[in-house]
Amino acid sequence: MSLNKVMLIGNVGRDPEVRYLDGNSGNAKVATFTLATTERYRDRNGETRENTEWHNIVAWRNNADVAERFVKKGTQLFIEGRIRTRSWDDQNGNKRYTTEIIADNLQLLGKKSDNPGGQGGYQAPAQQSYAPAQPQQPAYNPQQAYQQPAPAYQQPAQPRNVVEDMPDDDLPF
């Protein structure tokens, strides 16, 4: 068994570059862009350090359409996907490698005003689903919790005598 799964939350580094593989028919569309993830930690001297990692993102079909319409430089995204490494020979005949994240799920994060794409909260339909959907639970509102009256105490129901409640002619034997 093997698993190739990546989950990233970060900011888009440049506007997506969108290409159409079947002319402009829109059937096979691919969008590529970079995503920056930043790790913050304290070193031995107590100083805050940052380590930013840049990821090459490739989005196909519906996810490419979402990237084209809503994703701009600076947009905060959640991306679920898988890692792929490709190799090719450059102009000088040297072997070159690149590692990409193939996006299976792309979700815009943050508020609309924070998102240069303007449509915060949009989630593209996943092409493949690896986990069962979790039921949505309403957000906890502490003010609402104190405004609701406490349930009234109810007397437990008295046990019924089943034999006395049944008429004699309805016995199953």
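The rules behind each value
Residues numbered from 1 in each chain as written. Predicted model: local features only at pLDDT ≥ 70, side-chain atom pairs only at ≥ 80, totals over all residues. Heavy atoms only, no water. Buried < 20%, exposed > 50% of the residue type's maximum accessible area, 1.4 Å probe, protein only. Helix = DSSP H or I, 4+ residues; strand = E, 2+ residues; numbered from the N terminus. Arc of directions from axis to C-beta. Salt bridge = Lys/Arg side-chain N within 4 Å of Asp/Glu carboxyl O.

Focus on helix α1 (residues 61-70)
Each α-helix turn comprises 3.6 residues. Residues three or four places apart therefore point the same way.
In step 1: By the burial criterion, the buried members of α1 are N63, A64, V66, A67 and F70. Burial along α1 is one-sided: seen end-on, the buried residues are contained in an arc of 160°.

So, the pattern of salt bridges
In step 1: This structure, assessed with the given rule, holds 10 salt bridges.
In step 2: Two residues, D65 and R69, come together in a salt bridge whose shortest N-O distance is 3.4 Å. With a gap of four residues between them, D65 and R69 both fall in helix α1, about one helical turn apart.
In step 3: Taking the relative accessible area as the measure of exposure, D65 reaches 24% and is therefore partly exposed.
In step 4: Between R86 and E100 there is a salt bridge, with its nearest N and O atoms 2.8 Å apart. With R86 in strand β5 (residues 76-89) and E100 in strand β6 (residues 95-108), this pair connects stretches of sequence that are 14 residues apart.
In step 5: We classify E100 as buried; its relative accessible area is 8%.

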